[in-house]
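Per-entry structural report
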Amino acid sequence: MNRIVERFARLRERGEKGLVVYIGAGDPNLEATRRLALAFDDARVDVLELGVPFSDPLADGLVNQLAAQRGLESGTTPTGVLDTVAAIRRDCAIPIVLYIYYNLIHHHGPERFIADAARAGVDGLLVLDLPPEEAAEYNTRMETAGLCPIYLIAPTTPEDRIEAIARNARGFIYYVSREGVTGMQSRVADTIGTMTGLIRRHSDLPIAVGFGISNPDQAREVARHAEAVVVGSAVVNEIASHGRDDKLVQHVAGLVQGLATAIKQPL
Amino acid sequence: MTVATAKELPDDHGRFGPYGGRYVPETLMHPLLELEHEYFRAQQDGDFQRELQYYLREFCGRPTPLYLAERLTRELGGPRIYLKREDLLHTGAHKINNAIGQILLARRMGKTRIIAETGAGQHGVATATVAAMFGLKCVIYMGAVDCERQALNVYRMQMLGAEVVPVQAGQRTLKEAVNEAMRDWVTNVRSTHYILGTAYGAHPYPVMVRNFQRVIGDEARRQILEKEKRLPDLLIACVGGGSNAIGLFYPFIGDESVRMLGVEAGGEGIVPERHAARFQGGSLGVLQGTRSYVLQDEHGQIQLTHSVSAGLDYAAVGPEHAWLRDAGRAEYSYATDDQALDAFTKLARLEGIIPALESAHAIAAVIERAPAMAKDRIVIVNLSGRGDKDVAQAADKLGLRTPGN
């Protein structure tokens, strides 16, 4: 069974909320990415979302843009990221989703990329700029390879699109809690409950809520409406400020542990 | 491909054969579908069309002349060369044709805020102009490098009441300005319309911008039939994203005897990162909403580009051009920075017209091709913009000094 599906099934059995953590691959280098992944697994992270650095990350805010830039500067390529996933797989089974812009897949050849990703031990792909309307072949190939295509739903998504996206999605649905690019916010949007309710009318998949969640209190609040919480920029920021530090992994794992504790304690 | 099918594109998904489409983050899907719906309704709406015609005529200054460049024709010793004088439009380039169309659409949709990207600044100025005219708030994204090399246009936009945001990411030119405009749009999508300036991006932009720009070709076709009683043999236009070129070409697509030549920016020659000729060094890719020819490295990262002209300095080309090229309906060549600068000077000296550096690429192509063509042939070159904005940069490159210095 796909590791994402398996993990959410286990969470449901235990009545526990999930934590999805985003980092930019290769920031500050791929070896650090590997070590962070192992530390996250120990810190009870349920899904690792690995951003594959792209030259033109138009859906990302400044924090993740800079992470992508550092990734590119450390020589990170899509193939390098897949090799790192394979290296992580030698030591742990943490579910891994690649957060990626479509050109990188397109250039590699979609069929080959999906096969290579599956072989490396990737469990799902979240392609930022591939809406379901453009994704018919991609969905079929993902199905064949046993990978979950993760789709975003935004506050601007009307109900008929929610229905169409729900039909195509596997693993979990990623609800983007506000209009905008990735990044931290001082408060979380108040429309989350309404939208997750609407999504549930069309899908039994777990819902992960992200974009703008940066501290344990926000994570706990959001967890009331969803099966999982995604934290990205806050973790990326922590990596940015300790990038050259010997204790990078320790610092970042500490932050992540705090988030895990907040959302996993009974509400 | 038959000529008829070429003219019917794009299909319902915004595809020109394998090119085009809609590759955007989910937040933009609904707004794009709404825009598509509203645009196609407006296209059928007589009141909208009449309003558009009114502003094109009374505010922008259409129709523009189709001018026989006699001295250039004589000098080159080949075909009769006509210039489609888009440089004479209000704000100084063809960009206003599209800006006026899109702002009327934005008003129909009840949007209160306008954003745009700009390279050379001509689209930014056109957008700031129409936003001022209709009293809408306007923010223009422009690469920091372009702000410097097209400073005159930055001042113009500011004088028109627009906020100009210099973009510091990446190579700080047009591509990064588009990324930043898209980020703004994702964030403010309910109140804001994004007036994209070229025949690029996610559906419906390529078809919508083409249709707002086809007035260039529609007029030119009518004018040449009046003046010469026949169709031209060759059309020439520069191609950045490709809006002035597709505007000129599109109405002639069905006229099989009319050849079309798009001219890309050859920069310092076809060496990676030193040019912006997508059909020379590019390959199929997906960038900023559409599938087309893109300059990219072996991993799919978008490559740096270079051109003396900010408006052509862009890593991808409009999807309809990729399609016309595949179909063999249009041909694409390039002119280098040096060729463009020579053409810039030549047109100024021979015709008393200082062209935009972008349009100078099209002039460079006619200078190259005309001598080998028969005298009874007719060429139309799209003079897409005037060169006021480029005067300081060109003076520097040409080593000009003010007297006494």
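The structure reproduced in this document is the subject of the present report. Residue indices begin from 1 for each chain and proceed along its sequence in written order. The naming scheme follows written order: chains are lettered A onward, ligands numbered 1 onward. Predicted model: local features are reported for residues with pLDDT of at least 70 only, side-chain atom pairs are reported and counted for 80 or more only, and whole-chain, interface and lining totals are derived from all residues. As a rule here, side-chain values cover all heavy atoms of the structure and leave hydrogens and water aside.

All right, on to the interface of chain B and chain A then. Taken together, the contact between chain B and chain A spans 35 residues of the former and 35 residues of the latter. In what follows, salt bridge is the name for a side-chain nitrogen of Lys or Arg lying within 4 Å of a carboxyl oxygen of Asp or Glu. Between A:Asp56 and B:Lys175 there is a salt bridge, and its shortest N-O distance comes to 2.8 Å. Pairs of N or O atoms within 3.5 Å make up the polar contacts considered here, provided that, within protein, one atom can donate a hydrogen while the other can accept it, and that residues adjacent in sequence are counted only when both atoms are side-chain atoms. The tally of links between chain B and chain A comes to 21 residue pairs in polar contact (both at pLDDT 80 or more). A run of DSSP states H or I qualifies as a helix once it reaches four residues; a run of E qualifies as a strand once it reaches two. Both are numbered from the N-terminal end. Of all the elements in the fold, those that place two or more residues in the side of chain B that touches chain A are β2 (19-23), α2 (26-43), α9 (174-187) and β11 (283-287) of chain B. A per-element tally of the side of chain B that touches chain A places α9(B) first, with 7 residues. A breakdown of the residues in the side of chain B that touches chain A according to their chemical character gives 13 nonpolar, 12 polar and 10 charged. Contact definition: two residues touch when any of their heavy atoms are within 4.5 Å. Three residue categories are used. Nonpolar comprises Ala, Val, Leu, Ile, Met, Phe, Trp, Tyr, Cys and Pro, charged comprises Asp, Glu, Lys and Arg, and polar comprises the others, including Gly.

Right, let's talk about the packing of helix α10 (residues 216-223) of chain A against helix α12 (residues 248-264) of chain A for a bit. Residue and element names in this part refer to chain A. Simply put, an axis is a line fit to the C-alpha atoms, just over the touching stretch for a helix, and the angle between two N-to-C directions goes from 0 to 180 degrees. Orientation of α10 relative to α12, taken along the N-to-C sense of each, is 35°, at an axis distance of 8 Å. When the axes of α10 and α12 are compared, the crossing they make is right-handed. Contacts between α10 and α12 involve Pro 216, Ala 219, Arg 220 and Ala 223 from the former and Gly 258, Leu 259, Ala 262 and Ile 263 from the latter. Its residues assigned to classes, the contact of α10 with α12 shows 6 nonpolar, 1 polar and 1 charged. In a left-handed crossing the near helix is turned counterclockwise from the far helix by less than a right angle, and in a right-handed crossing that turn is clockwise.

The next point concerns the packing of aromatic side chains. Geometrically, a pair of aromatic rings is defined through the distance of the ring centres and the angle of the planes. Pairing of aromatic rings covers Phe, Tyr and the six-membered ring of Trp, with a centre-to-centre limit of 6.5 Å; geometry is then stacked below 30 degrees between planes, edge-to-face above 60, and tilted otherwise. Summed over the entire model, instances satisfying the criterion amount to 16 aromatic pairs over all chains. Measuring from centroid to centroid gives 5.5 Å for A:Phe8 and A:Phe172, while their planes differ by 45°, and the two rings are tilted. A residue pair is termed long-range when its members are at least 10 positions apart, and A:Phe8 in helix α1 (residues 3-14) and A:Phe172 in the loop between α8 (159-168) and β7 (173-176) qualify at 164 residues. Neither A:Phe8 nor A:Phe172 differs from the other in exposure class; each is buried. Each member of the aromatic cluster is reached from another via a ring pair, and the members are B:Tyr19, B:Phe279, B:Tyr293 and B:Tyr332. Here, a charge over a ring is recorded when the distance from Lys NZ or Arg CZ to the ring centre is within 6 Å and its angle to the ring normal is within 35 degrees. The cationic tip of B:Arg85 hangs over the ring face of B:Tyr67; the distance from NZ or CZ to the ring centre is 6.0 Å. Burial classes: relative accessible area under 20% of the type maximum marks a residue as buried, over 50% as exposed, and values in between as partly exposed (1.4 Å probe, protein chains only).

To continue, consider the pairing of strand β10 (residues 259-267) of chain B. Residues and elements named next belong to chain B. Taken across its 9 residues, β10 has 8 buried, putting it largely inside the fold. Two elements, strand β9 (residues 234-238) and β10, share 5 bridges in a ladder whose sense is parallel. The residue bridging Cys 238 from the neighbouring strand is Val 263, located in β10. Here is how to tell: hold the view so the strands point away, follow the path from the first strand over the helix to the second, and if it runs clockwise the crossover is right-handed. Regarding the hand of the β-α-β motif, the stretch spanning β9, helix α12 (residues 243-249) and β10 is right-handed. DSSP-based pairing: two strands are paired if at least 2 bridges between them are found.

A few words on the pattern of salt bridges. Residue and element names in this part refer to chain B. According to the stated counting rule, one finds 49 salt bridges over all chains in the structure shown. Residues Asp 184 and Arg 113 are paired through a salt bridge, measuring 2.7 Å at the closest nitrogen-oxygen approach. Taken as a pair, Asp 184 in helix α9 and Arg 113 in strand β5 (residues 113-118) lie far apart in primary sequence, 71 residues in all. The pair formed by Asp 184 and Arg 113 is uniform in burial state, with each residue classed as buried. Between Arg 183 and Glu 180 there is a salt bridge; the shortest N-O distance is 2.6 Å. With Arg 183 and Glu 180 both in helix α9 and 3 residues apart, the pair spans about one turn of that helix.

Another point: unusual backbone geometry. Residues and elements named next belong to chain B. The peptide bond linking Arg 62 to Pro 63 adopts the cis configuration, its omega dihedral lying at -5°. By the secondary structure assignment, Pro 63 is in the loop between α3 (46-60) and β3 (66-68). For the bond running from His 203 to Pro 204, omega is 15°, close enough to zero to count as cis. Even without a glycine there, the phi angle at Thr 91 is positive, about 75°. With respect to the secondary-structure elements, Thr 91 resides in the loop between β4 (80-85) and α5 (95-108). Given the relative accessible area of 6%, Thr 91 is considered buried. Phi is positive for Lys 229, which is not a glycine, with a value near 60°. Within the secondary structure layout, Lys 229 lies in the loop between α11 (215-228) and β9.

Residue and element names in this part refer to chain B. To estimate the expected span of a helix, subtract one from its residue number and multiply by 1.5 Å. With 15 residues, helix α15 (residues 337-351) ought to run about 21 Å at 1.5 Å a step, and its terminal C-alpha atoms sit 21 Å apart, in line with that. Inspection of α15 places Asp 337, Ala 340, Leu 341, Ala 343, Phe 344, Leu 347, Leu 350 and Glu 351 among the buried residues, and these make up the whole buried set. Once α15 ends, the next one or two residues include Gly 352, with phi positive near 70°.

Before going further, it helps to examine the side chain of B:Asn382. Tracing the chain through its elements places B:Asn382 in strand β14 (residues 378-383). Using a relative accessible area of 0% as the deciding quantity, one classes B:Asn382 as buried.

With that out of the way, let us pick up the nonpolar core. Nine residue types can take part in a nonpolar core, namely buried Ala, Val, Leu, Ile, Met, Phe, Trp, Tyr and Cys, and a core is a set of them joined through side-chain atoms within 4.5 Å. With 163 residues, the main nonpolar core has A:Phe40, A:Leu98 and A:Leu125 as its most contacted residues. A per-element tally of this core places α12(A) first, with 8 residues. Apart from the residues within four sequence positions on either side, A:Leu125 is in contact with A:Val97, A:Leu98, A:Ile105, A:Phe113, A:Ile114, A:Tyr138, A:Met142, A:Cys148, A:Pro149 and A:Ile150. Grouped together as the second largest cluster of nonpolar side chains are 34 residues, B:Ile224, B:Ala237, B:Val239 and B:Leu248 included.

Quick look at the sheet that holds β5(B) now. Residue and element names in this part refer to chain B. One open sheet accounts for 4 strands, arranged β7-β6-β5-β8; its pairing is parallel. A single partner strand is all that each edge strand has here, and the edge strands are β7 (163-167) and β8 (192-194). Averaged over all adjacent pairs, the angle separating strand axes in this sheet is 20°, with direction ignored. For strand β6 (residues 137-143) and β7, the ladder comprises 5 bridges, and the chain directions are parallel. By the bridge assignment for β7, Val 139 is matched with Glu 163.

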